[in-house]
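Given next are the chains, with one letter for each unit.
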Amino acid sequence: MDTEIADVIDHDVASLTCVCGNSASDEGLIAANSDGFPVHLEEGEVPAGLAAWPEDEDIHTLCPVCGRVYRNFDIEHDNEAPVVLTVDVAKGPIAEAIKVHWALT
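Rules of the game
Residues numbered from 1 in each chain as written. Predicted model: local features only at pLDDT ≥ 70, side-chain atom pairs only at ≥ 80, totals over all residues. Heavy atoms only, no water. Core = buried A, V, L, I, M, F, W, Y, C linked by side-chain atoms within 4.5 Å. Buried < 20%, exposed > 50% of the residue type's maximum accessible area, 1.4 Å probe, protein only. Salt bridge = Lys/Arg side-chain N within 4 Å of Asp/Glu carboxyl O. Helix = DSSP H or I, 4+ residues; strand = E, 2+ residues; numbered from the N terminus. Pairing = 2+ DSSP bridges. Polar contact = N/O pair within 3.5 Å; in protein donor to acceptor, adjacent residues only side chain to side chain. Contact = heavy atoms within 4.5 Å.

1. As for the nonpolar core
Part 1: If you look at the biggest cluster of nonpolar residues, it comprises 11 residues: Ala6, Val8, Val13, Leu16, Cys18, Leu29, Cys63, Tyr70, Ile75, Ala81 and Val83.
Part 2: Counting eight residues, the second-largest nonpolar core is a separate cluster that includes Ala32, Leu62, Val69 and Val89.

Here it is, written out as C-alpha cells:
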C-alpha cells in the first residue's frame, strides 16, 4: 500500500493541508503525541482528557476531521507530510480529547 502524503508549504506545519482537504484555516489541526492523542499546549496542569506535551518533543499533527496523523519533524525538516497513523476521531478517548481541546481554545 502506498503511503498517503499531504501537501505542505515551506516546512511549515501551519501550511499543512490534510489528505482529506482539511487545513488549519478550515476545521483546524491539533497538536498531538505519537499516538495521535491531543496534547495540552500550555504550561501547568494538564486538563483532564488531554495528554501532556511529550518530554521527547516528538509532536505530531492530528486532523480532527479524518483522524490522519502527521509527524511534525517530517514536515519541518523534509518538507513532506506522510500519514504515519490514522485514529478514530468519531468516538472514544481521542474524540473526547478533541472536544476538550476545542473547549479550551
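2. Examining the pattern of salt bridges
Part 1: Across all of its chains, the model carries five salt bridges by this definition.
Part 2: As a salt-bridge pair, Arg68 and Glu4 come within 3.0 Å of each other at their nearest N and O atoms. With Arg68 in strand β4 (residues 68–71) and Glu4 in the segment before β1 (5–6), this residue pair connects regions lying 64 residues apart in the sequence.
Part 3: Owing to a relative accessible area of 32%, Glu4 belongs among the partly exposed residues under this scheme.

3. A word on unusual backbone geometry
Part 1: One non-glycine residue, His11, adopts positive backbone phi at about 60°.
Part 2: Relative to the assigned elements, His11 resides in the loop between β1 and β2 (30–32).
Part 3: In this structure, Asn79 takes a positive phi of about 60° despite not being glycine.
Part 4: Here Asn79 is to be found in the loop between α1 (72–78) and β5 (81–86).
Part 5: We classify Asn79 as partly exposed; its relative accessible area is 29%.

4. Points about the pairing of β4
Part 1: Pairing of strand β3 (residues 60–62) with β4, which is carried by three bridges, proceeds in the antiparallel orientation. Paired with Leu62 across the two strands is Val69, which belongs to β4.
Part 2: Hairpin connection, β3 to β4: the antiparallel pair is bridged by five residues, and Gly67 has positive phi, about 90°.
Part 3: Two elements, β4 and β5, share three bridges in a ladder whose sense is antiparallel. Bridging from a neighbouring strand, Arg68 pairs with Thr86 of β5.

5. Quick word on the side chain of Arg68
Part 1: A residue is classified by how much of its surface remains accessible, and Arg68, at 16% relative accessible area, is buried.
Part 2: A distance of 3.0 Å separates polar atoms of two side chains, one belonging to Arg68 and the other to Glu4.
Part 3: Residue contacts for Arg68: discarding those within four places in its chain leaves Glu4, Cys18, Val19, Cys20, Thr61, Leu62, Cys63, Val83, Leu85 and Thr86.

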